[in-house]
Amino acid sequence: MKFISFEDPESTILSLSALSGLTCGPLNLIAPNEAHDMFYESTVPKNPSCSRWFGHAVTSACIMTASHNTEDHTVCAKRDTLKTLSVVHGSVAGLMGYDLYKEEIKKPVAIAQICLHAGLATACLVRGFAKDKDEKEDVAEKKK
């Protein structure tokens, strides 16, 4: 069983999605104060307990995403997961933009996260709704 795979477009995007959250999830879980200092402006109050729960949630979501990237899952199942992840990554980009607007998050971090998650949201959306050549031919045959 492979949790991280780059063998096909769906697996590659699922892997990148899982890895993207592992950049901040475990850090918030293990070192919440350091993570806060890295991401947020000094005017935002620290809440280590909340940061740990956030880290736990992000890490868990990444592990669940990786678990959908096994050989046992069909391309259709992977694409359904990608459709869901397009909403997840899009909302992360939106929340980062809101935090940037409110001047709560450090600007370089926000810009990097917005670009990363907007890109992942787009890739998930495009590949999630993609039709293979075989699928297009099947649809064309049924219409005849």
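Details of the structure are given in the entry above.
Residues numbered from 1 in each chain as written. Predicted model: local features only at pLDDT ≥ 70, side-chain atom pairs only at ≥ 80, totals over all residues. Heavy atoms only, no water.

Peer 1: Quick question: what am I supposed to make of the side chain of Ser17 here?
Peer 2: Summarising the element assignment, Ser17 is placed in helix 1 (residues 9-21). Beyond its immediate chain neighbours, meaning those up to four positions away, Ser17 contacts Thr65, Leu85, His89 and Leu120. (Helix = DSSP H or I, 4+ residues; strand = E, 2+ residues; numbered from the N terminus. Contact = heavy atoms within 4.5 Å.)

Peer 1: I would appreciate a short explanation of the environment of Val58 in the present structure.
Peer 2: Within the fold, Val58 resides in helix 4 (residues 48-67). Residue class for Val58 comes out buried when judged on its relative accessible area of 17%. Note: C-alpha distance between Val58 and Gly25 (33 residues apart in sequence) is 4.9 Å. Not counting the four nearest positions on each side in its chain, Val58 is found in contact with Gly21, Cys24 and Gly25. (Buried < 20%, exposed > 50% of the residue type's maximum accessible area, 1.4 Å probe, protein only.)

Peer 1: Help me out: how do you make sense of the pattern of salt bridges in this one?
Peer 2: Pairing is possible between side chains that carry opposite charge, provided their charged atoms lie close to one another. If you walk through the whole model with that rule in mind, you get 5 salt bridges. Across the salt bridge formed by Glu10 and Arg79, the nearest N and O atoms sit 2.9 Å from each other. In this pair, Glu10 is assigned in helix 1 and Arg79 in helix 5 (residues 75-101), connecting sequence segments 69 residues apart. Note on accessibility: Glu10 and Arg79 belong to one class, buried. Between Arg127 and Glu10 there is a salt bridge; the shortest N-O distance is 2.7 Å. Within this pair, whereas Arg127 is found in helix 6 (residues 107-128), its partner Glu10 is found in helix 1, the two being separated by 117 residues in sequence. Residue Glu10 is classed as buried on the basis of its relative accessible area of 3%. Here the residues in one salt-bridge network are Glu10, Arg79 and Arg127, joined through shared partners. (Salt bridge = Lys/Arg side-chain N within 4 Å of Asp/Glu carboxyl O.)

Peer 1: Mind showing me how you'd approach the nonpolar core here?
Peer 2: The nonpolar side chains of soluble globular proteins are, as a tendency, buried together. Counting 8 residues, the largest nonpolar core is built from Cys24, Phe39, Val58, Cys62, Met96, Ile105, Val109 and Ala110. Taken together, the elements giving at least two residues each to this core come down to helix 4 and helix 6. Aside from chain neighbours lying at most four places away, what touches Met96 is Ile105, Ala110, Gln113 and Ile114. Ile13, Leu14, Leu82 and Leu85 belong to the second-largest nonpolar core, a separate cluster that totals 5 residues. (Core = buried A, V, L, I, M, F, W, Y, C linked by side-chain atoms within 4.5 Å.)

Peer 1: Got a minute to help me understand helix 3 (residues 32-39) in this structure?
Peer 2: Because an α-helix packs 3.6 residues into every turn, residues spaced three or four apart end up facing the same way. Considered for burial, the residues of helix 3 that qualify are Pro32, Ala35, His36 and Phe39. All buried residues of helix 3 lie within an arc of 100° about the axis, which places them on one face of the element. In this fold, the buried residues of helix 3 make contact with helix 2 (25-30), helix 4 and helix 6. (Arc of directions from axis to C-beta.)

Peer 1: Just to check I follow, could you spell out the packing of helix 1 against helix 6 for this structure?
Peer 2: Running from amino to carboxyl end, helix 1 crosses helix 6 at an angle of 150°, the nearest separation of the two axes being 10 Å. Between helix 1 and helix 6, the interaxial angle falls into the category roughly antiparallel. Classified by chirality, the crossing of helix 6 by helix 1 is left-handed. Mapping the contact onto sequence places Pro9, Glu10, Ile13, Leu16, Ser17 and Ser20 in helix 1 and Leu116, His117, Leu120, Ala123, Cys124 and Arg127 in helix 6. For the contact of helix 1 with helix 6, the class distribution of residues is 7 nonpolar, 3 polar and 2 charged. (Axes fitted to C-alpha atoms, helices over the stretch in contact; angles between N-to-C directions. Parallel < 35°, antiparallel > 145°, perpendicular 65-115°, else oblique. Left-handed = near helix turned anticlockwise from the far one by under 90°. Nonpolar A, V, L, I, M, F, W, Y, C, P; charged D, E, K, R; others polar.)

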